Amino acid sequence: MSQPVILSSPVDPVLAARFEELVVKYAKLRPQESLVSLLQAFEYAALHHTGQTRSSGESYMAHPLEVAHILCDMSMDLVCLETGLLHDTVEDTVVTVEDVRKRFGNDVARCVDGVTKLAKLNFYSREERQAESVRKMLLAMVNDIRVVMVKLADRLHNMRTMGSLSRERQERISQETLEIYAPIAHRLGMGKMRSELEDLGFRHLDPAAFAEVNEAIESRRKVTGDALEEIRHAVELKLARENIPARIEARLKRPFSVYQKLKRQKISIEQVYDLLAIRIVTDCVKNCYGALGTIHGEWTPIPGRIKDFIAIPRPNLYQSLHTSVIGPGGQAFEVQIRTEEMHRIAEEGIAAHWKYKEGTKGAQSDEQQVAWLRQLVEWQQDVHDPGEFMSTLKVDLYPEEVYSFTPRGKVIILPRGASPVDFAYAIHSDVGHLCVGAKVNGRIVPLKYELKNGDVVDILTQQGHVPSKDWLNFVKTSKARNRIKHVVNTTERAKAVEIGEKHLEKEARRLGVQWKKIPKEHLEKVAHDYGFGKMEDLHAALGYGKFSPRQVLLQLAPEQVAAAEALEVAPAASPAVPPSNVNDKDLILKVRGVDDIMVYRAKCCNPIRGESIVGYITRGKGVAVHSVNCTNVQNLMYEVERKIEVEWAKAVTESFLVKLVIYTDDRPGMLNQLTSALFNEGTNIRTLEAQPDASRSDGSALVNVAIDVKDKKQLERIVSSLRRISGVRDVERSQSST
Ligand code: MN
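Computed from a prediction, not measured in an experiment: that's the story for all the values here.

A.B. asks: Could you give me a rundown of the overall build of the protein chain, with the residues and numbers involved?
C.D. replies: If you tally the helices and strands in the protein chain, you get 26 helices and 21 strands. Here the analysis covers contacts within the protein chain between residues at least 6 apart in sequence; of these, 67% occur between residues at least 24 apart. Of the accessible surface of the protein chain, which amounts to about 36,900 Å², a share of 52% is contributed by carbon and sulfur atoms.

Structural data, given as structure tokens:
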């Protein structure tokens, strides 16, 4: 039952008439559905595109309307058609995705958003190998298959109407169509869409070659036209005699596939023996093979040209029997035989399947559609068909991957959750080492930022910079992890060598060992006794605290050490670090059971009294005390033997410096409220710094504040009173030492 179209606002009568045709067409397709929302989508889009024109001079709204027509011809659903009508509103008008959501619901909003995001990607590239990554990325980004349908329909209409664009744009868009969109249509089994995209792309990319091929096909049509009709008629008669119901189409090969064949096989058009083709569409598989027998009984088949894609479907689910035979007058022609169902899938691909499912089960959830797409893709990986199916492209929908770009448009594929540091190392180890910052889509982001699909990443480097150990907390690629660890270990070893050497000399001086007089060979022998090839390795081991300098000196100069120790009133085991390093601040912490060891609060987590803490024996700097929750120390604990228990010493009056980051709305009076809240809690503000939040664009601000805090309880009070201030979005304890 067709519903009357009543437009509530004045719209160009030509557009209104064309929209009415859409309504009639869709009503025929699904008579039960209400078309109110379709009408609203049309009016809404027409209203917002008012005054905009296409480069051809016609009203802009004609484009989305035709896209909706294409989608309707593909039997897509209302969400898809509405998305088609609205697909350029967010990109080209003041409308936002939120506006679309409010009026047209979540599904349409999600699809419009998806199409808009794809439009923003500039993935034009001359590099063939990159085209594959881009196709993968495009499919990976899509969470609703209808986004792909709308995008393909959009591209098809643009290709059909690109005549008034500049040559340069025609070429660019055509190349993109041939490299990205036609292969996607192919992969989704949408034969009709693919053919039209390919022929239009070919025509506009290389008009001269297209004209040449087309002319050759046309002149062959003149010569063979009658023969083709004759063959068609003969086939019809023979199949009728065998009682095989069939619909028979006679056709010539498409320009783009002829062109590819000529190019690939370096032959002339006379040698393309499947230029003429007959397609037999019958009712069942049995009759497909029956028809094949009939054809072969009548005409001689060309050896090696028989292909059974019914028994072994192509990866994109295409099914047919193919053969080539020598027809009347020695004219070769190709025959394709398939059922109606196979024909529909060959023409429409995923769209056919989608429709079928919808018919049996009602509206499909998006999840199921995407699952089907993934299944298709998995199947493609299993099926291996070399030979002419060279354009079969391996596609993966890796939800665990992120596709990002260099500023010059190169695709960098990283695991999900990867950071700009991973990106930098993926480009080159040196870029990784020298990385000091990153811009994503033109904005500075923290180095631990999680990259998203389509991000354009610009790595900022500085000569002489070395990677930070903290990076190990967030990098996701093993390349980045290994490179960082390597540098960190090398630097730490160099430090350990230096420290070990100093400790040894110091201890030698204390014990009166005449260091300079010990022969070099003797030194090396002792190093060797300890299992090291070089003195340097022994120094490193001393620096790491594996041996005490006294032990080593006992080996080097046993008599002198013994004599020196006899003179000492209270010989003490030499501490790993001289106790003179201990300062007042450190007395608030102690290592259980040990006194004279240097203890300090780690800068990364800056633990305060009341927090659970753990000690970590550093290389030459004493014991660093971390909060047990500190990510740094969790990362360090791979060397369990360096862990040590620590506790808070008996209370003295003390305060701890704590740094907080406060995320707020950027509004007047905010700082005043923050400082008075801190004042009310009786804390002392050391530094306070406010700045706009560079990682966001919504007018939020970051406030960095350093305060003196007595203990954990006081800190908790402070944080909760800060959070109560309206406009404060979050308060975080700063984890970095800077
Ligand atoms: Mn468009």
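A.B. asks: Tell me about the sheet that holds strand β15 (residues 623-627), residues and numbers included.
C.D. replies: Paired through backbone hydrogen bonds, the strands of a sheet run either parallel or antiparallel to each other. Sheet architecture is open: four strands sit in the order β13-β15-β14-β16, paired in mixed fashion. A strand with exactly one partner marks an edge of an open sheet, and here the two such strands are β13 (599-601) and β16 (643-644). Of the pairings in the sheet, the one linking strand β14 (residues 613-617) to β16 comprises two bridges and is antiparallel in character. Within the sheet, the bridge partner assigned to Tyr616 lies in β16 and is Lys643.

A.B. asks: Give me the packing of aromatic side chains: which residues, what numbers.
C.D. replies: Here the distance between the centres and the angle between the planes together describe a pair of aromatic rings. By the definition in use, this model includes seven aromatic pairs. Relative to Tyr318, the ring of Phe309 lies with its centre 6.0 Å away and its plane at 70 degrees, an arrangement referred to as edge-to-face. Each of the two residues, Phe309 as well as Tyr318, counts as buried. Three or more aromatic residues joined by ring pairs form one cluster here, namely Phe202, Phe210, Phe256 and Tyr259.

A.B. asks: Account for the pattern of salt bridges, naming residues and giving values.
C.D. replies: In the structure shown here, the tally under the stated rule is 33 salt bridges. Here Asp107 ties to Arg110 by a salt bridge, and the two come within 3.2 Å at their closest N and O atoms. With a gap of three residues between them, Asp107 and Arg110 both fall in helix α6 (residues 97-120), about one helical turn apart. By relative accessible area, Asp107 is classed as partly exposed at 30%. Salt-bridge contacts for Asp107 lead to Arg146; the nearest nitrogen and oxygen are separated by 4.0 Å. Taken together, the positions of Asp107 in helix α6 and Arg146 in helix α8 (residues 145-160) put the pair 39 residues apart, joining distant regions of the chain.

A.B. asks: So, the pairing of strand β9 (residues 435-440): which residues are in play, and what are the values?
C.D. replies: Looking at chain direction, β9 and strand β11 (residues 457-461) are connected through five bridges and run antiparallel. What sits directly across from Val440, in β11, is Val457. Relative to strand β10 (residues 443-445), β9 runs antiparallel, the two being bridged by three bridges. Bridge pairing links Ala438 to Val445 in β10.

A.B. asks: Residues and numbers for the nonpolar core, please.
C.D. replies: Leu71 and Met149 are the most contacted members of the largest nonpolar core, which has 66 residues in total. If we ignore the near neighbours within four places in the chain, the residues touching Leu71 are Met76, Cys80, Leu81, Gly84, Met149, Val150 and Ala153. Core analysis: the second largest hydrophobic core is formed by 37 residues, Leu178, Ala234, Tyr259 and Leu262 among them.

A.B. asks: Could you give me a rundown of the confidence of the model for the protein chain, with the residues and numbers involved?
C.D. replies: Averaged over all residues, the pLDDT of the protein chain equals 79, while 81% of them reach at least 70. Under a pLDDT of 50 for its full length, residues 375-399 has, in the predicted model, 51 contacts with residues more than four places off or in other chains. The model gives residues 569-587 a pLDDT under 50, and that stretch makes 17 contacts with residues more than four places away or in other chains.

A.B. asks: With reference to specific residues and values, describe the environment of Leu252.
C.D. replies: Inspection of the secondary structure puts Leu252 in strand β1 (residues 246-252). Along the primary structure Leu252 and Arg221 are separated by 31 residues, whereas in three dimensions their C-alpha atoms are 7.6 Å apart. Once you skip the residues sitting within four places of it in the chain, Leu252 turns out to touch Ile217, Arg221, Leu275 and Leu276.

A.B. asks: Break down the packing of α8 against helix α9 (residues 167-187) for me, citing the residues and quoting the values.
C.D. replies: For the pair α8 and α9, interaxial distance at closest approach is 11 Å and the crossing angle is 145 degrees. Of the two possible hands of crossing, α8 and α9 adopt the one that is left-handed. On α9, the residues touching Val148, Lys151, Leu152, Arg155 and Met159 of α8 are Ile173, Ser174, Glu176, Thr177, Tyr181, Ile184 and Ala185. The residue inventory of the contact of α8 with α9, partitioned by class, reads seven nonpolar, two polar and three charged.

A.B. asks: Hey, could you go over unusual backbone geometry for me, with residue numbers and the actual values?
C.D. replies: Even without being a glycine, Asn243 presents a positive backbone phi close to 60 degrees. Although it is not a glycine, Asn441 sits at a positive phi angle of roughly 50 degrees. Along the chain, Asn441 turns up in the loop between β9 and β10.

A.B. asks: Hey, could you go over the packing of helix α25 (residues 670-680) against helix α26 (residues 712-724) for me, with residue numbers and the actual values?
C.D. replies: Interaxial distance between α25 and α26 falls to 10 Å at its minimum, and their mutual angle equals 150 degrees. Considering their axes alone, α25 and α26 lie roughly antiparallel with respect to each other. Read as a crossing pair, α25 and α26 show a hand that is right-handed. Residues Leu674, Ala677 and Leu678 of α25 touch α26, and the partners they reach there are Ile718, Ser721 and Leu722. Residues belonging to the contact of α25 with α26 are distributed by class as follows: five nonpolar, one polar and no charged.

A.B. asks: Give a description of α25 that names residues and reports values.
C.D. replies: Among the residues making up α25, those that are buried are Met670, Leu674, Ala677 and Leu678. Along the long axis of α25, the arc covered by the buried residues comes to 100 degrees, so they all point the same way. Along α25, exposed side chains directed more than 90 degrees from the buried face belong to Asn672, Phe679 and Asn680. Turning to α25, the residues buried within the fold contact β18 (656-665), β19 (684-692), β20 (700-709), α26 and β21 (728-733). With its phi angle positive at about 75 degrees, Gly682 sits one or two positions after the end of α25.

A.B. asks: I'd love a proper account of the sheet that holds β18, names of residues and values included.
C.D. replies: Within the open sheet, the four strands sit side by side as β19-β20-β18-β21. Their pairing is antiparallel. One side of each edge strand has no neighbouring strand; the edge strands of this open sheet are β19 and β21. Within this sheet the neighbouring strands show an average axis-to-axis angle of 20 degrees, counted without direction. Looking at chain direction, β18 and β20 are connected through ten bridges and run antiparallel. Paired with Lys659 across the strands is Ala706, a residue of β20. α25 rests against β18, β19, β20 and β21 of the sheet, and its axis sits at about 160 degrees to β19. Its contacts with the sheet place α26 against β18, β20 and β21, and it is angled at close to 160 degrees to β21.

Reading the values: the criteria
- Residues numbered from 1 in each chain as written.
- Predicted model: local features only at pLDDT ≥ 70, side-chain atom pairs only at ≥ 80, totals over all residues.
- Heavy atoms only, no water.
- Helix = DSSP H or I, 4+ residues; strand = E, 2+ residues; numbered from the N terminus.
- Contact = heavy atoms within 4.5 Å.
- Areas by Shrake-Rupley, 256 points an atom, 1.4 Å probe, with all protein chains shown as cover.
- Pairing = 2+ DSSP bridges.
- Phe/Tyr/Trp six-rings, centres within 6.5 Å; stacked < 30°, edge-to-face > 60°.
- Buried < 20%, exposed > 50% of the residue type's maximum accessible area, 1.4 Å probe, protein only.
- Salt bridge = Lys/Arg side-chain N within 4 Å of Asp/Glu carboxyl O.
- Core = buried A, V, L, I, M, F, W, Y, C linked by side-chain atoms within 4.5 Å.
- pLDDT = per-residue confidence, 0-100.
- Axes fitted to C-alpha atoms, helices over the stretch in contact; angles between N-to-C directions.
- Left-handed = near helix turned anticlockwise from the far one by under 90°.
- Nonpolar A, V, L, I, M, F, W, Y, C, P; charged D, E, K, R; others polar.
- Parallel < 35°, antiparallel > 145°, perpendicular 65-115°, else oblique.
- Arc of directions from axis to C-beta.

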